[in-house]
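# Examining the three-dimensional arrangement
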Amino acid sequence: MTESNSPAESAPEADALSPVLIIIPTYNEVDNLERIVTRVHEHNPQVHILVADDNSPDGTGELADKLAAKDERIQVMHRAGKQGLGAAYIAGFKWGLEHGYQLLIEMDADGSHRPEDLPRMFAALEENNADLVIGSRYVKGGKIVNWPLFRQFLSRGGNTYIHLVMGMKVRDVTAGYRIFRRGTLERIGLDTVQSGGYIFQTDLTRRVNNLGMKIVEVPITFVEREIGVSKMNKSIMYESLFRATAWGLEDRWATLTGKRKKQLES
């Protein structure tokens, strides 16, 4: 486990960490959804799940409704269409905040984020009094299973570039398995987040980091999906490269001009 930013403080009581909401965005995940929901509750029976479905043509939304009808821990958000990962999470975060959840978790529907790793992530949140916990592939103990070498090269290369250009200590900036505290999401300005693709994860990491909040990385085993097709494409990669470069330049200028210091003091 690695961390960045402020030193550890005393951990809150476990009762203060509930209720917990896992947000699972879906688009054409009908073959994966019931599997991941079942696994979540096998290992973490106390958590609630919000399925944010982008009007999947394969019937994922209808399946989500059936699961919700049988289990009060499951809720479904039906969205008008495919609007991107970031937009789905923002909508899910806002729903969770409106309904009083204290911890909000990002998790993929395809099984790449193992629910078995959540207890260790919860423990890291408490023990380190963290504002954000990231399930990390690129700290000691982290693993990737069944990814082709080219995909690993893209991911590791992208994270290395972002790490260098943006100057953050976080090793897996693009990771999508995360636990946010309610207060963290309330401070980072969800209404101003415009990034839609995978760079959304970098955007939120940057916002938390720039506010001086505490980020802890926990090693996880990331498993490539067995069913379905990855949503990664060239336009997402180009967006990530462009935005990361622009943010890196913006943050370095803010540091040079003293704006970053004022932001941390505010």
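Above this note sits the structure.
These remarks concern the structure in this document. Because the structure is predicted, anything quoted here is derived from the model rather than measured.

### Topic: helix H5 (residues 149-166)
Along its 18 residues, H5 runs 25 Å from first to last C-alpha, staying within 8% of the 26 Å computed at 1.5 Å per residue. Considered for burial, the residues of H5 that qualify are Arg 151, Gln 152, Ser 155, Asn 159, Ile 162, His 163, Val 165 and Met 166. Note on H5: the residue one or two positions beyond its end, Gly 167, has a positive phi of about 70°.

### Considerations on the pairing of strand E4 (residues 74-78)
Successive side chains on a regular strand alternate, one facing one side of the sheet and the next facing the other. Alignment of strand E3 (residues 48-53) against E4, held across five bridges, turns out to be parallel. Bridge assignment links Asp 53 to a residue of E4, and that residue is His 78.

### Examining the nonpolar core
Counting residues in hydrophobic clusters, the biggest one holds 36 residues, and the most contacted among them are Phe 93, Leu 104, Leu 185 and Ile 188. Secondary-structure elements contributing two or more residues to this core are strand E2 (20-26), E3, helix H3 (85-98), strand E6 (132-136), H5, helix H7 (199-210) and helix H8 (234-257). Of all the elements, H3 adds the most residues to this core, at six residues. Once residues lying within four places of it in the same chain are set aside, the contact partners of Ile 188 are Leu 204, Arg 207, Val 208, Leu 211 and Met 213. Of all hydrophobic cores here, the second largest spans 30 residues; its members include Val 37, Ile 49, Leu 67 and Ala 130.

Cut-offs and rules
- Residues numbered from 1 in each chain as written.
- Predicted model: local features only at pLDDT ≥ 70, side-chain atom pairs only at ≥ 80, totals over all residues.
- Heavy atoms only, no water.
- Helix = DSSP H or I, 4+ residues; strand = E, 2+ residues; numbered from the N terminus.
- Expected span 1.5 Å × (residues − 1).
- Buried < 20%, exposed > 50% of the residue type's maximum accessible area, 1.4 Å probe, protein only.
- Pairing = 2+ DSSP bridges.
- Core = buried A, V, L, I, M, F, W, Y, C linked by side-chain atoms within 4.5 Å.
- Contact = heavy atoms within 4.5 Å.

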